[in-house]
Amino acid sequence: MLGLPGAVRWHIAFATAIALGTCTTSALAAPTNLTPGSPMVASSPSVSMAAGAHWVARLKYDPDTDTTTLVARRWSGNTALDGPLTVASGRLLSPVVIARNDGAAWLFWIEVDESGGHLKAWLRAEGAWVQPTPITVTTERAAHPSATLDDDGAPWVAWQAHLGQSAAIRATRWTGSAFDPPTTLSSVDAPAYAPALTTDTEGEVWAAWQSYVAQNYEIVARRRAAGAWGQPWQLTEAATPDGEFTGMHVLPTMYRGAGGSVWVGWLAKGQDVRADDTAPHLVGWVRDRRLQLRQVHPDGTLGAIRQVPVPRDDTVDPRFPAQHRGADQPTLLAARSKVMVFYRAISADPTLGGLHWRAWMQFMDLGTDKWSAPIDLGPGTFTEGLNEPVSATDTGTGFRVVWQQGARQWIYSSPTFAEPESDIFANVITDGELPAAATDEEALQTYDWPLISDQPRLQVTLRHLGETYHLYRGDLHSHSYHSSDRTDEDDLIEEDLRRTRDLLALDFVAVTDHGKRLNRYQWHLGQTLCLLNNGAHGLTTLNGLEYGAGAGIGHQNVIYNNCLGAQHSIYLEPEPEQLWAALPAGRALTIPHHTVEAKNDMTFDFRRFDANVVRLFEVYQARGSFECDDCLGIFDTPWPPPPSEPWYWTGAADPDNGVAHLQDALAMGRRMGVIASPDHRGFWGVAAVYARSNAQSDLFAALQARRACGRSPAAARRRRARGAEGHR
């Protein structure tokens, strides 16, 4: 932990008492460390203000025990009013704290085990727990809680319920002795995710969520008045009247406005799934992240959609313009004459190297409809890999905000995994420190975005030697933000899983982030999210990672038969033989990919082979085909063409030295089945498996038995479009 090479430092920082009066352009003060030397990860912060004090809840990860603990503490300014309070331990997610005016606080969180996620609650009042043990709010599988207090001071909590083959938003209220039976807020016909709750100035509760409607994600809201929930209002549309795509609308956030209204914000993600001559590899990749918001009135009247003018740096990577400065994870707070938007944004930092997530805020002046320039909440700090949302609360004269911040260093020669550490920072920001709002809104870039999941599904059943097998389609090569090398198109793990299930209509997925770029907390979190989502809405999740290095070692995806496999890396097993020996027999396999690759010399040497572990070959992915030197889909000329630096191209096989495409490897006597998968998302390749069922054990048995094949919709589209110039 402390002092180890490659240390990770993650922090929770909060800025206090930012007043909303006359604005100047003075800079924010540097944060103050409240817990110096803490040897744990701090993540997932939540803050709530009442009665002149604020509660902060967060998760704390201990790598020695591989457990996460929920910790809460009450503060007045930068002074702790009591010691840190341990609430629960295990595999925990999504803490929410709601402060009451009497100094008490409700805490909500998700506990995860092999049966899924379970929503828990506990009330802390007058220095003691009101109940002897945490309350199980619902017995159904749950995720992503959000909470608010109504006009009577009673807590409402909403969550994403995993109900059979779909997902729904459910909500309940504390009656004083128990929670009411839950009410379903979303439509039974549309999977719904990630709820947000708030209470308006009239004491009525609002809910908003992300709904999968007509092959796109839209934001829907409802208001509760006179003891009943009103009709839902859809706040977004997939396309403008002229047919231009406006983005996938996800991760809603909400806060009260004036006159019983609320402001609702969300992330609009533009994509480009074209498979044409100019951008064949961009199938399904996120090309833009924009923040939007609109005001909703109690009668359902909708204000105009406002665009948050998040700056974009087109010079970061000229090959992929305007994609590396996108925003994510919005949090909204409306107070008096301003609407505050807090978010994460990607930015390049030459002093640190590479792209990093930083915490920012911008505000809109309601009198002028002008936006401020972005304000960096954590000067000189950044996060990489983990992208946690910002949390904020109104103080009556300003606001307090908490966020995760940290630093990451890659030590590629390190023999061990980077150990995580954390601190909590505080920042007191006085009146007059916000710049004047003077930036016009920016138009959302639009895209030609044909839908994918409206393609007909072919149901296939196979009988062989008295057994019946069904065809299931999935993705065995997917990356999230944790891989930290393709922040333009990678995403939050759960957003990736939702898109896999809804947009691509696949049956199973393995998130295979780079093992050499995962610290132990990220691996723990990936396992927890695998457990949380396995079997939810018909999607099976498998645990995995990508093992890889340079020439001769190449890249392989490790796929486990469940969610709890061990972490591996070239730091621990620098040679493939060491990896294969370390994997549990019969419970893990590896899949080599881009075995002949010229750009970064990531060739795989098939003279080194373990037939018990290397069961499959990824024949098609984002870099094209790896079937043979002159097969359809080989990218044997650089893409993109000069003067840009090429992202990839495929060199010639050299079987005498072990460098082989699939056909060459088979000729060498290497018996393998084949699959296809995208690598960094998209729709380049699909793995098809004949299995008894879609359960983890049956899918893995089918992969182990090589009852698999690969499908490439992208190759078929390109074949129709052209047949030359490096795309044969």
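Shown above is the structure to which this text applies.
These lines cover the structure that appears in this document, whether it is placed above or below.

Parameters at a glance
Residues numbered from 1 in each chain as written. Predicted model: local features only at pLDDT ≥ 70, side-chain atom pairs only at ≥ 80, totals over all residues. Heavy atoms only, no water. Helix = DSSP H or I, 4+ residues; strand = E, 2+ residues; numbered from the N terminus. Buried < 20%, exposed > 50% of the residue type's maximum accessible area, 1.4 Å probe, protein only. Contact = heavy atoms within 4.5 Å. Areas by Shrake-Rupley, 256 points an atom, 1.4 Å probe, with all protein chains shown as cover. Pairing = 2+ DSSP bridges. Disulfide = S-S within 2.5 Å. Salt bridge = Lys/Arg side-chain N within 4 Å of Asp/Glu carboxyl O. Phe/Tyr/Trp six-rings, centres within 6.5 Å; stacked < 30°, edge-to-face > 60°. Lys NZ or Arg CZ within 6 Å of the ring centre and 35° of its normal. Expected span 1.5 Å × (residues − 1). Axes fitted to C-alpha atoms, helices over the stretch in contact; angles between N-to-C directions. Left-handed = near helix turned anticlockwise from the far one by under 90°. Nonpolar A, V, L, I, M, F, W, Y, C, P; charged D, E, K, R; others polar. Polar contact = N/O pair within 3.5 Å; in protein donor to acceptor, adjacent residues only side chain to side chain. Arc of directions from axis to C-beta.

### Re the overall build of the chain
When helices and strands are counted, the chain shows 6 helices and 44 strands. The buried share of the chain, reckoned over its 728 residues, is 63%. Relative to all contacts within the chain whose residues are 6 or more apart in sequence, the contacts with residues 24 or more apart total 64%. Accessible area of the chain: about 24,900 Å², with a carbon and sulfur share of 51%.

### Side note on the pairing of strand β19 (residues 216-225)
In terms of burial, β19 is a largely internal element, 8 of the 10 residues being buried. Joining the antiparallel neighbours strand β18 (residues 205-213) and β19 is a turn of 2 residues, in which Ala214 adopts a positive phi near 50°. Where β19 meets strand β21 (residues 233-234), 2 bridges bridge the pair, whose relative direction is antiparallel. Directly across from Val220, in β21, lies its bridge partner Gln234. Note: β19 against strand β20 (residues 228-229), 2 bridges, orientation antiparallel. In the sheet register, Arg224 faces β20, and the bridge partner there is Trp229. Connecting β19 to the next strand, β20, in antiparallel fashion are 2 residues, including Ala226 with a positive phi near 55°.

### Side note on the state of the cysteines
Tallied over the entire structure, the rule returns 2 disulfides. Here Cys530 pairs with Cys563 through a disulfide, and the sulfurs are 2.1 Å apart. Because the torsion about its S-S bond is -65°, the bridge between Cys530 and Cys563 counts as left-handed. Of the two residues, Cys530 is situated in helix α2 (residues 520-533) and Cys563 in the loop between β38 (555-560) and α3 (576-582); the sequence distance between them amounts to 33 residues. You'll find Cys530 and Cys563 in the same group, each marked buried. Note on cysteine connectivity: Cys628 is disulfide-linked to Cys631, with sulfurs 1.8 Å apart. Sign of the S-S torsion, about 110° for the bond between Cys628 and Cys631, identifies this disulfide as right-handed. Across the pair, Cys631 and Cys628 agree in class, each one buried. In the chain, the bonded cysteines, numbered by position in the sequence, are linked as 1-2, 3-4.

### Some words on the pattern of salt bridges
Two side chains with opposite charge may pair up if their charged atoms get near one another. Inspection of every chain in the model, using the stated rule, returns 20 salt bridges. Put simply, Asp152 and Arg173 hold a salt bridge, and the shortest N to O gap is 3.5 Å. Of this pair, Asp152 sits in the loop between β13 (142-149) and β14 (155-163) while Arg173 sits in strand β15 (residues 166-173), and the two are 21 residues apart along the sequence. The class for Asp152 is exposed, based on a relative accessible area of 66%.

### So, the sheet that holds strand β42 (residues 673-676)
The strand order across the open sheet formed by 3 strands is β41-β40-β42, and the pairing between neighbours is mixed. In this open sheet, the two edge strands, each paired with only one partner strand, are β41 (624-625) and β42. Note: strand β40 (residues 616-621) against β41, 2 bridges, orientation antiparallel. Looking at β41, one finds that Gln621 is bridged to Gly624.

### Brief notes about the packing of aromatic side chains
Two aromatic rings are characterised by how far apart their centres lie and by the angle between their planes. On inspection of all chains with the given rule, the structure shows 14 aromatic pairs. Relative to Phe108, the ring of Trp106 has its centre 5.9 Å away and its plane inclined at 15°; by these criteria the two rings are stacked. Aromatic pair Phe606 and Phe609: ring centres 6.4 Å apart, planes at 40°, arrangement tilted. Both residues of the pair, Phe606 and Phe609, belong to the buried class. Following the ring pairs from residue to residue traces out a cluster consisting of Trp106, Phe108, Trp174 and Phe179. The ring of Trp129 has Arg124 sitting right over it, with the charged end atom 5.1 Å from the ring centre.

### Brief notes about unusual backbone geometry
Located in the positive-phi region is His144, a residue other than glycine, with phi close to 55°. Its location among the elements puts His144 in strand β13. Here the phi dihedral of Arg706 falls at roughly 65°; this positive angle occurs in a residue that is not glycine. Its place among the elements puts Arg706 in the loop between α5 (696-704) and β44 (708-711).

### Re the sheet that holds β15
On the basis of which strands lie adjacent, the open sheet formed by 4 strands has the order β13-β14-β15-β16 and antiparallel pairing. Each edge of the open sheet carries a strand with a single partner, namely β13 and β16 (183-184). One ladder, built from 2 bridges, connects β15 with β16; its direction is antiparallel. What sits directly across from Arg170, in β16, is Thr184.

### Description of α2
Taking 1.5 Å of rise per residue, the 14 residues of α2 would be expected to cover 20 Å, and the 20 Å separating its terminal C-alpha atoms lies within 8% of that figure. Most of α2 sits out of view: 13 of its 14 residues are buried. Immediately beyond the C-terminal end of α2, within one or two residues, lies Gly535, with a positive phi of roughly 80°.

### Overview of the packing of helix α1 (residues 493-502) against α2
Direction vectors running N to C along α1 and α2 enclose 35°, while the axes themselves pass 11 Å from each other. Taken as a pair, α1 and α2 cross one another with a handedness that is right-handed. In this structure, α1 contributes Ile493, Glu494 and Leu497 to the contact, and α2 contributes Gly526, Leu529, Leu532 and Asn533. Taken together, the residues of the contact of α1 with α2 break down into 4 nonpolar, 2 polar and 1 charged.

### Overview of the environment of Tyr212
Inspection of the secondary structure puts Tyr212 in strand β18. Exposure remark for Tyr212: the relative accessible area of 12% places this residue in the buried category. Placed 19 residues apart in sequence, Tyr212 and Tyr193 show a C-alpha to C-alpha distance of 8.5 Å. Looking at Tyr212, its side chain comes within polar contact range of the main-chain oxygen of Asp502, at 3.1 Å.

### A closer look at α5
The set of residues buried in α5 consists of Gln696, Leu699, Phe700, Ala702 and Leu703. The buried side chains of α5 occupy one side of the element, clustering within an arc of 155° when seen end-on. One or two positions beyond α5, positive phi appears at Arg706, with a value near 65°.

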